[in-house]
Amino acid sequence: MTVAGIYLKIFSLTDICKAPIETIIALFTIKYCDSTVNIKLIECEQKLGECGYTVDLSSFVYKILSKEKVPDCANSCELPNILVNERSCIAGLCACLRQIVKSAIDVVPSHHCQTLLGFKNSCLLACSEVSVWTRFCEVDLISTLRSFGNEMLDQSELPISMAKFEIHMSQPARLHNLYKYTMSKKYAISGNINRDNKFLPEHTFAEGSCITLADIIIFVCIHILFNLIPLTSDKILELLPLTMTWYKKMIENDAIIKCLTCLPLQEIDCDNVINYVLPAVDNQSLYKSDSKRYRPRSRIYTRQEDIEHSLELVENLNVNTKLNDLPFGAEICIDWSSIPFDATPEGGSLPVARQKRKLDQLENLCRPVIKLAKKGDVIVDFCSGSGHLGITLAYLLPECSVILLENKEESLNRAKERVKKLKLTNVKFCQCNLFYFKGHFDIGTSLHACGVATDLVIQHCIRKNATFVCCPCCYGSVQSCQRVVYPRSNVFQKDIAIRDYLVLGHAADQTHDAGNSKTLQGKKCMTIIDTDRKLHAEQFGYNVQLAKLVPEDCTPKNHLLVGIPENGVCKC
């Protein structure tokens, strides 16, 4: 994939300038990869409480742009972001860094940065909402550096992210398809393949025996922290022995040494001795694949007595859970025979067995959008996948702009091919988590956005005072995270504990065939979860309609939430 340029935030304009930690990491990675990506620096105001760090720009070729000169597509996403072309953007630190590496490998396939993407090129591929490891690298550690102020120097406890990494390095290397990893020439130590299927790769680096992108992010952060916190080498070794061993291994690497020239750090005086301690953290790795995470003591099981207890709690709330008779916009007629092949599910290479059901699903979501959309409106298809919904809307509403937002590159590439064949000029692409999208839009849609994703979509629409049209999915995956808490509404939060709520979510996924005894109960629990979502949006001045798709059997997850703001002022 060609890259038009990477857009980075800075706080000053001199060669030795101040910039946020994300910019420092991006520039370090560019230098490590010998990347020729066009660097566009945007001077932004430093927010209160946001820390800036020095970076030497003298070895980089860059261009300084004012905010007004940033292209619309890049301006619609948080920095850092990469503009692929005038209609396609990549946002989010991990996604941008992965693209820098991939672009460098495209130019020089044997470049030393080829290991950064990890085994199967999956390093930091999963989004932070679902991956503990990505969240640590992209959110937790970055947050530590973003807010690390002088007041930290007077505290006796080191940042919790440092303690988490130390514990992580003490755990066994846990990798998917471990044997294939050890048999890979790419990751063989000194070129020698170990054919013993009981052999475990040494946990030399953050993810195994080779440097990955995670190591680059963590190294820059740890390197800065080591230079900011008044600790002697002996004290660091005492508190963080495994981190120190890893750090020495990193700093001995020739490519890392070359990159250190862009980090002109000034060591602080260690005479001001503080008796630092490590904060207490759980003794577990940060890998999503850590087997301990699949057997937590607090795991929710759908025992019938628990479900009945939760249902009783909801019944005592006296909340109206009645669905509308017909989905919003049911009167709108869509003539599929007039729609080009490439804008249909069949044209999207969907298996024959799923095409008719997908057609029905799309029709149910397109109708309310068509009814509500006005000329010039911007419509965002969140979690768009390969673009089934967004592409259909773009064809049916040529006077509206449609943005396909998806964090999976392969899915978005398939959507781009379809848009190219259809010669649609009203479609743009954002490869990122929806959290990184900050552009204006009028209508937000999502078809089967899993679990928390549906609530993130609704939350984002509320913040932008935009209409939402959502068909939820995977109720058993709802779980409080750094951006969403459950229950959603004040009504439910008052008397429903999180565990009782999650029981309902798990039961809601038991919508099997009509003859299964659990199906009716599962549908009831689905209605309760979506009623909670409805009530939450109504708290912010939304008129919300909740109904079933037509026909009901087009999908087991067949609810449609349509939320329309009652006025032009967002109350969020």
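### Some words on the packing of helix α5 (residues 160–170) against helix α9 (residues 241–251)
Describing two packed helices takes the angle between their axes plus the distance from one axis to the other.
Right, on to step 1. Viewed as axis vectors pointing N to C, α5 and α9 meet at an angle of 85°, and their least axial separation amounts to 8 Å. Considering their axes alone, α5 and α9 lie roughly perpendicular with respect to each other. Judged by residue contacts, F165, E166, M169 and S170 of α5 engage P241, L242, T243 and W246 from α9.
Right, on to step 2. Broken down by class, the residue content of the contact of α5 with α9 amounts to five nonpolar, two polar and one charged.

### A few points about the nonpolar core
Inside soluble globular proteins, nonpolar side chains tend to come together where they are buried.
Right, on to step 1. In terms of nonpolar packing, the biggest core is built from 84 residues, with I21, F28, Y32, W133, I218 and W246 touching the most fellow members.
Right, on to step 2. At 12 residues, helix α7 (residues 213–228) tops the list of elements feeding residues into this core.
Right, on to step 3. When near neighbours in sequence (up to four residues on either side) are disregarded, W133 contacts L124, H168, A206, E207, A214, I218, L286 and Y287.
Right, on to step 4. In terms of nonpolar packing, the next biggest core, distinct from the first, is built from 60 residues, C73, C89, V314 and L323 among them.

### As for the confidence of the model for the protein chain
Reading fine detail from the predicted coordinates is not recommended where pLDDT is low.
Right, on to step 1. Here the protein chain averages 88 in pLDDT, and 88% of its residues register 70 or above.
Right, on to step 2. Confidence drops under pLDDT 50 across residues 176–183; counting only partners more than four residues distant or on other chains, this segment forms 23 contacts.
Right, on to step 3. Of the regions scoring below 50 in pLDDT, residues 568–572 engages in 10 contacts with residues more than four places distant in sequence or in other chains.

### With respect to the packing of helix α15 (residues 452–463) against helix α18 (residues 519–538)
Right, on to step 1. Relative orientation of the contacting elements α15 and α18 amounts to 15°, with a least axis distance of 11 Å. Taken as axis vectors, α15 and α18 run roughly parallel relative to one another. Crossing hand, α15 versus α18: right-handed. Residue-level contacts link T454, D455, I458 and I462 of α15 to R533, H536 and A537 of α18.

### Things to note about the pattern of salt bridges
Right, on to step 1. As enumerated under the stated definition, the model contains 16 salt bridges in all.
Right, on to step 2. Here D530 makes a salt bridge to R533, at a shortest N to O gap of 2.9 Å. Of the two residues, D530 and R533 both sit in helix α18, three residues apart, roughly one turn of that helix.

Conventions we followed
Each chain carries its own residue numbering, running from 1 in the direction its sequence is written. The predicted origin of the model limits local features to residues at a pLDDT of at least 70 and limits the giving and counting of side-chain atom pairs to 80 or more, whereas totals for whole chains, interfaces and linings rest on all residues. In computing side-chain values, all of the structure's heavy atoms are included and hydrogens and water are not. Only the stretch in contact is used when fitting a helix axis, every axis being a line fitted to C-alpha atoms; angles between N-to-C directions are given from 0 to 180 degrees. Only DSSP runs of H or I covering at least 4 residues are called helices, and only runs of E covering at least 2 are called strands; the numbering of each starts at the N terminus. Roughly parallel refers to an angle under 35 degrees, roughly antiparallel to one over 145, roughly perpendicular to one between 65 and 115, and oblique to any angle outside these ranges. Note on contacts: a residue pair qualifies if any of its non-hydrogen atoms lie within 4.5 Å across the two residues. Only Asp, Glu, Lys and Arg are considered charged, only Ala, Val, Leu, Ile, Met, Phe, Trp, Tyr, Cys and Pro nonpolar, and every remaining residue, Gly among them, polar. Among buried residues, the Ala, Val, Leu, Ile, Met, Phe, Trp, Tyr and Cys ones that are joined through side-chain atoms within 4.5 Å form a nonpolar core. Partly exposed describes any residue whose relative accessible area lies between the buried limit of under 20% and the exposed limit of over 50%, with all areas from a 1.4 Å probe on protein chains only and scaled to the type maximum. One number per residue, pLDDT, summarises how confident the predictor is, and it ranges from 0 to 100. Take the far helix as the reference: if the near one is turned anticlockwise from it by less than a right angle, the crossing is left-handed, and if turned clockwise, right-handed. Any Lys or Arg side-chain nitrogen found within 4 Å of a carboxyl oxygen on Asp or Glu counts as a salt bridge.

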